[in-house]
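Survey of secondary and tertiary structure
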Amino acid sequence: MLTQDVQQLVGKGEMLPLMEEFYTIQGEGYHTGTAAYFIRVGGCDVGCHWCDVKESWNADLHPPTHVDHIVGNASKFADTVVVTGGEPLTWDMSMLTLKLKEKNMRIHIETSGAYELSGSWDWITLSPKKTKLPTQSVYDAADELKCIIFNKHDFIFAEEQAQRVNPNAILFLQPEWSKRDEMTPLIVDYVMNNPKWRISLQTHKYLNIP
Ligand code: SF4
């Protein structure tokens, strides 16, 4: 049970339920192959059935951690931070991004866009989910749109999302990991027929790194 003080600090984004933090290589999307410090924030109610971080969903399982502590750790390792989850926009990201910017760090976020955008970002990866569609604020600000392909209908969903996102966003299709053998050949054909899209693979899983 959190004390009222801690609840208030979490409410203001001065503390965040931290699930894990680690220095690794970005495996997916536009920045694939580049080193970054990942901050995984707990809490998500989007409910994707194929989610590979279901242990992130319950924020109560992850200790509220002061953003100064998170920023102090991150700045020892990297110039670039990727904030992911869970769904990081469950929380007010203003304080975390302010403190990271004070350290001159580049700040990326990976979000389903299910909640209004908060914080100030150098790169926004929007990965929309059918169960809880993105808010307009995230469609408008996204730098890349990364649509996960679990089945054939997901190509239709991806096209709908491409219509909604701002026109400058770079478009990626990524096979859901458990369906990669089935879906990757379909994505290859799709991208050749629809070259506005690019392929993203979860290269960190092939490399066996976090
Ligand atoms: Fe999992 Fe992300 Fe979907 Fe939340 S939005 S259920 S963390 S895949």
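What comes next concerns the included structure. Computed from a predicted structure; not experimentally measured. For every chain, the first residue of the written sequence is number 1, and numbering continues from 1 onward in sequence order. For a predicted model such as this one, the threshold for reporting local features is a pLDDT of at least 70, and the threshold for listing and counting side-chain atom pairs is 80 or more; totals across whole chains, interfaces and linings nevertheless cover every residue. Water and hydrogen atoms play no part in the side-chain values, which are based on all heavy atoms of the structure.

1. Describing the nonpolar core
Buried Ala, Val, Leu, Ile, Met, Phe, Trp, Tyr and Cys residues that are joined via side-chain atoms within 4.5 Å together make up what is termed a nonpolar core. Whether a residue is buried, partly exposed or exposed follows from its accessible area with a 1.4 Å probe, protein chains only, as a fraction of its type maximum: under 20%, in between, or over 50%, in that order. Counting residues in hydrophobic clusters, the biggest one holds 44 residues, and the most contacted among them are Met93, Leu96, Leu173 and Trp197. If we skip the residues at most four places from it in the chain, Leu173 touches Cys147, Ile149, Phe155, Ala158, Ile187, Tyr190, Val191, Trp197, Arg198, Ile199 and Ser200. One finds Cys44, Val46, Cys51 and Val53 within the second-largest nonpolar core, a separate group that totals 6 residues. Contacts: residue pairs with any heavy atoms within 4.5 Å of one another.

2. Digging into the pattern of salt bridges
Salt bridge, as applied in this entry: a Lys or Arg side-chain nitrogen positioned within 4 Å of an Asp or Glu carboxyl oxygen. Summed over all chains, the structure comprises 9 salt bridges. We note a salt bridge from Lys130 to Asp154, for which the minimum N-O separation is 2.6 Å. In this pair, Lys130 is assigned in the loop between strand S6 (123-126) and helix H4 (136-141) and Asp154 in helix H5 (residues 153-164), connecting sequence segments 24 residues apart. Asp154 sits in the buried class, given a relative accessible area of 7%. Comment: elements are numbered from the N terminus, with helices defined as DSSP H or I runs of at least four residues and strands as E runs of at least two.

3. Section: the packing of aromatic side chains
Stacked, edge-to-face and tilted labels apply to pairs of Phe, Tyr and Trp rings (six-membered ring for Trp) whose centres lie within 6.5 Å, assigned for plane angles under 30 degrees, over 60, and everything in between, in that order. Evaluated as defined, the whole model comprises 6 aromatic pairs. Aromatic side chains Tyr23 and Phe77 sit 5.8 Å apart centroid to centroid with 45° between the ring planes, which places their arrangement in the tilted category. Of the two residues, Tyr23 sits in strand S1 (residues 15-25) while Phe77 sits in helix H2 (residues 67-77), which places them 54 residues apart along the sequence. The exposure class assigned to Tyr23 is partly exposed, which follows from its relative accessible area of 42%. Since its relative accessible area comes to 46%, Phe77 is described here as partly exposed. Aromatic side chains Trp177 and Tyr206 sit 4.9 Å apart centroid to centroid with 75° between the ring planes, which places their arrangement in the edge-to-face category. You can see Trp177 sitting in the loop between strand S8 (170-175) and helix H6 (180-193) and its partner Tyr206 sitting in helix H7 (residues 203-207), a full 29 residues away along the chain. For Trp177, a relative accessible area of 23% translates into the label partly exposed. The structure contains a cluster of three or more aromatic residues connected by ring pairs, namely Tyr23, Tyr37 and Phe77. Definition used: whenever NZ (Lys) or CZ (Arg) falls within 6 Å of the ring centre and also within 35 degrees of the ring normal, the charge is taken to sit over that ring. Geometry around Trp177 places Arg180 over its ring, the cationic atom sitting 3.6 Å from the centre.

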